Amino acid sequence: MMLLGGFWALANLGLWNNFVIGVVMAGAGLVLVLVRPLRWRLAGPVIALVTVVGSLAGTLRRDYYVCCMFGYNMWRGWPLVWLNRGADGDTEQEARRLALQQHWSADPTRLTIAMVFWACAGLVVVGVVTLAARRATRRPHQSE
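Note that this is a predicted model, so its numbers are computed, not measured.

Attention now goes to the overall build of the protein chain. Helices and strands together make up the secondary structure of the protein chain, namely five helices and four strands. The secondary structure elements of the protein chain, listed N-terminal to C-terminal, are α-α-α-β-β-β-α-β-α. Expected size for 144 residues packed as a compact globule is a radius of gyration near 15 Å; at 21 Å, the protein chain overshoots this value by more than 25%. A principal-axis box enclosing the C-alpha atoms of the protein chain has dimensions of 85 × 30 × 25 Å. Contacts in the protein chain between residues far apart in sequence, at least 24 positions, make up 48% of those at least 6 positions apart. By element, 64% of the accessible surface of the protein chain is carried by carbon and sulfur atoms, the whole surface being about 10000 Å².

With that settled, consider a nonpolar patch on the surface. On the surface, M2, L30, V33 and L34 cluster together into a nonpolar patch covering about 340 Å² of accessible area. Sorting elements by how many residues they give to the nonpolar patch places helix α2 (residues 16-34) first, with three residues. In this fold, L34 is placed in helix α2.

It is worth spelling out the packing of α2 against helix α5 (residues 108-137) at this point. Two numbers describe how α2 lies on α5: the axes approach to 8 Å, and their chain directions differ by 50°. One way to sum up the angle between α2 and α5 is to call them oblique. Here α2 and α5 pass one another in a crossing that is left-handed. The residues of α5 that touch α2, namely those facing V20, I21, V24, M25, G27, A28, V31 and L32, are F117, C120, A121, L123, V124 and G127. Class assignment of the residues belonging to the contact of α2 with α5 gives a composition of twelve nonpolar, two polar and no charged.

A few words now on the environment of P45. Within the secondary structure, P45 sits in helix α3 (residues 40-58). Along the backbone, P45 and G122 are 77 residues apart, and their C-alpha atoms lie at a distance of 9.4 Å.

Here the bond from R36 into P37 is cis, since omega is -15°, no more than 30 degrees from zero. Looking at where P37 falls in the secondary structure, it is placed in the loop between α2 and α3. The step from W78 to P79 runs through a cis peptide bond, and the omega angle for that step is 10°.

With that settled, consider the nonpolar core. If you look at the biggest cluster of nonpolar residues, it comprises 16 residues, and the most contacted ones within it are V24, L38, A43, I47, F117, L123 and V126. Secondary-structure elements contributing two or more residues to this core are α2, α3 and α5. At six residues, α5 tops the list of elements feeding residues into this core. Excluding anything up to four places from it in sequence, L123 contacts A28, V31, L32, L38, W40 and I47. Core analysis: the second largest hydrophobic core is formed by five residues, Y72, M74, A87 and A99 among them.

Okay, the packing of aromatic side chains next. Applying the stated criterion across every chain, the model contains four aromatic pairs. Note on F117 and W118: the rings are 5.0 Å apart at their centroids and 80° apart in plane angle, and the pair reads as edge-to-face. No difference in accessibility class separates F117 from W118, as the two residues are buried. Among the aromatic residues, ring-to-ring pairing joins W78, F117 and W118 into one connected group.

Cut-offs applied
Residues numbered from 1 in each chain as written. Predicted model: local features only at pLDDT ≥ 70, side-chain atom pairs only at ≥ 80, totals over all residues. Heavy atoms only, no water. Helix = DSSP H or I, 4+ residues; strand = E, 2+ residues; numbered from the N terminus. Rg over C-alpha atoms; globule rule 2.2 N^0.38 Å. Contact = heavy atoms within 4.5 Å. Areas by Shrake-Rupley, 256 points an atom, 1.4 Å probe, with all protein chains shown as cover. Patch = residues over 30% accessible without salt bridge, like charges linked within 9 Å, V, L, I, M, F, W, Y side chains within 5 Å. Salt bridge = Lys/Arg side-chain N within 4 Å of Asp/Glu carboxyl O. Axes fitted to C-alpha atoms, helices over the stretch in contact; angles between N-to-C directions. Parallel < 35°, antiparallel > 145°, perpendicular 65-115°, else oblique. Left-handed = near helix turned anticlockwise from the far one by under 90°. Nonpolar A, V, L, I, M, F, W, Y, C, P; charged D, E, K, R; others polar. Core = buried A, V, L, I, M, F, W, Y, C linked by side-chain atoms within 4.5 Å. Buried < 20%, exposed > 50% of the residue type's maximum accessible area, 1.4 Å probe, protein only. Phe/Tyr/Trp six-rings, centres within 6.5 Å; stacked < 30°, edge-to-face > 60°.

Right, here's the structure in full:
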């Protein structure tokens, strides 16, 4: 996971969302390698919480565009867009009005990928906190 994430980040230096996905995946792989033993009884709930909260918080990012005489499309989700709705109309205002009347449509594949991303982010949080706690409780070397 660490190598794949690092490669993904390097291959996508110009694409911010893809770069962040790669860095988080590499960080999660690094945590799995460096943090031994990882206390899964504590880590599991934290990872689950970050997965759910991150996926839901990602919907706060919204985007839309008007296109092609006239289509109005709206998206939500971060780092991947997984919610969308849209409509076409004779005018920009009509397309927007019709789009706002539509129900949101979820893309399960992109939602799954977003949740894996947030689970890896949760693993990185657990790893950083675990390493910081170990460092804080480590006794200083005694000199004679």
